[in-house]
Amino acid sequence: MKFFMASLVALCTLLTACDNTGPTADATSAPRYGPEDLQALLQGAWLREYGDNSVQARRILVLSADGSFAETVRIADAAGQVTAQNHTGTWLYDGTNLKRKYTSMNGKPPSRLNLPFATFEIQLESKNEFTGIDHVHRNRIRYRRVSPETVP
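The structure reproduced in this document is the subject of the present report. (Residues numbered from 1 in each chain as written. Predicted model: local features only at pLDDT ≥ 70, side-chain atom pairs only at ≥ 80, totals over all residues. Heavy atoms only, no water.)

Observations concerning the side chain of T131
Part 1 of the reasoning: Relative to the assigned elements, T131 resides in strand β7 (residues 129-134).
Part 2 of the reasoning: Judged by its relative accessible area of 2%, T131 is buried.
Part 3 of the reasoning: At a separation of 3.2 Å, a polar atom in the side chain of T131 contacts the side chain of E125. (Helix = DSSP H or I, 4+ residues; strand = E, 2+ residues; numbered from the N terminus. Buried < 20%, exposed > 50% of the residue type's maximum accessible area, 1.4 Å probe, protein only. Polar contact = N/O pair within 3.5 Å; in protein donor to acceptor, adjacent residues only side chain to side chain.)

Here we look at the side chain of H87
Part 1 of the reasoning: By the element assignment, H87 lies in strand β4 (residues 82-93).
Part 2 of the reasoning: By relative accessible area, H87 is classed as buried at 7%.
Part 3 of the reasoning: A polar contact is formed between the side chain of H87 and the side chain of Q85, at a distance of 3.3 Å.
Part 4 of the reasoning: Look past the residues within four positions of H87 in its chain and what remains in contact with it is F69, A70, E71, V73, Y102, S104, M105 and N106. (Contact = heavy atoms within 4.5 Å.)

Here we look at the pairing of strand β1 (residues 44-51)
Part 1 of the reasoning: Relative to strand β2 (residues 55-63), β1 is paired through 8 bridges, and the arrangement is antiparallel. Bridge pairing links G51 to Q56 in β2.
Part 2 of the reasoning: In textbook terms, the turn of a hairpin is the stretch between consecutive antiparallel strands, and for β1 and β2 this stretch comprises 3 residues.
Part 3 of the reasoning: As paired strands, β1 and strand β8 (residues 139-146) are joined by 3 bridges and run antiparallel to one another. Among the inter-strand pairings, A45 is bridged to a residue of β8, identified as V146. (Pairing = 2+ DSSP bridges.)

Section: the nonpolar core
Part 1 of the reasoning: Counting 17 residues, the largest nonpolar core has L42, L63, W91, L98, I122 and F130 as its most contacted members.
Part 2 of the reasoning: Elements with a minimum of two residues in this core: α2 (35-42), β2, β4, β5 (97-105), β6 (117-126) and β8.
Part 3 of the reasoning: At 4 residues, the largest contribution of residues to this core is made by β6.
Part 4 of the reasoning: Setting aside anything within four residues of it in sequence, one finds L42 in contact with L63, W91, Y93, L98, I122 and F130. (Core = buried A, V, L, I, M, F, W, Y, C linked by side-chain atoms within 4.5 Å.)

A short note on the pairing of β7
Part 1 of the reasoning: Bridge count between β6 and β7: 5 bridges; the pairing is antiparallel. Following the sheet pairing, I122 is matched in β7 by G132.
Part 2 of the reasoning: From the end of β6 to the start of β7, which pair antiparallel, there are 2 residues.
Part 3 of the reasoning: With 6 bridges connecting them, β7 and β8 associate as antiparallel partners.

Regarding unusual backbone geometry
Leave glycine aside and you will find that most residues have negative phi; peptide bonds, for their part, are mostly trans.
Part 1 of the reasoning: Positive phi outside glycine occurs at N106, with the angle close to 55°.
Part 2 of the reasoning: Despite not being glycine, R138 has its phi angle at roughly 55°, a positive value.
Part 3 of the reasoning: The topology assignment puts R138 in the loop between β7 and β8.

Focus on the sheet that holds β8
Part 1 of the reasoning: Here 8 strands make up a closed barrel; going around it, the order is β1-β2-β3-β4-β5-β6-β7-β8 and the pairing antiparallel. When strand polarity is set aside, the average angle formed by the axes of neighbouring strands in this sheet is 30°. (Axes fitted to C-alpha atoms, helices over the stretch in contact; angles between N-to-C directions.)

Observations concerning the packing of aromatic side chains
By convention here, two paired aromatic rings are described through the distance between centres and the angle between planes.
Part 1 of the reasoning: Under the criterion given, the structure shown has 3 aromatic pairs.
Part 2 of the reasoning: Judged by centre distance (4.8 Å) and plane angle (70°), the rings of W46 and F130 are edge-to-face. Linking W46 in strand β1 with F130 in strand β7, this pair joins segments that are 84 residues apart in sequence.
Part 3 of the reasoning: A relative accessible area of 0% means that F130 is categorised as buried.
Part 4 of the reasoning: Ring centres of F130 and Y143 lie 5.3 Å apart, and the angle between their planes is 25°; this geometry places the pair in the stacked category. Taken as a pair, F130 in strand β7 and Y143 in strand β8 lie far apart in primary sequence, 13 residues in all. (Phe/Tyr/Trp six-rings, centres within 6.5 Å; stacked < 30°, edge-to-face > 60°.)

Okay, here's the thing in structure tokens:
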């Protein structure tokens, strides 16, 4: 009986010593990263594509290590008219949300009465894809990593 109890205690100790908190806890779960890891993983170029029958949009969002971002947008309507936009600003990740504050919209400072911010609660699907939820406007977005040379 003592041998059985000692074996059981040893097995429990061994099992509790196993740590599954790394980037891949198991084959079916999404990777888990700490806030600092995620902040570093978010740096780079990201593509978001969306639209409907009348309008198609592509956004390239480049998040830099210095906390700045650049966003290039290409919008094409059903008639083939294309509109391009270029925006810049600052970004941060607070452990839950990716927050962006726009400081330039198409080369001009935004109105002081309507400072544009974008805040998305994000979930990293992989190191090359994340989803975000905008709780204010109730929409869901998806970005995927692209090379920095990608054009919208």
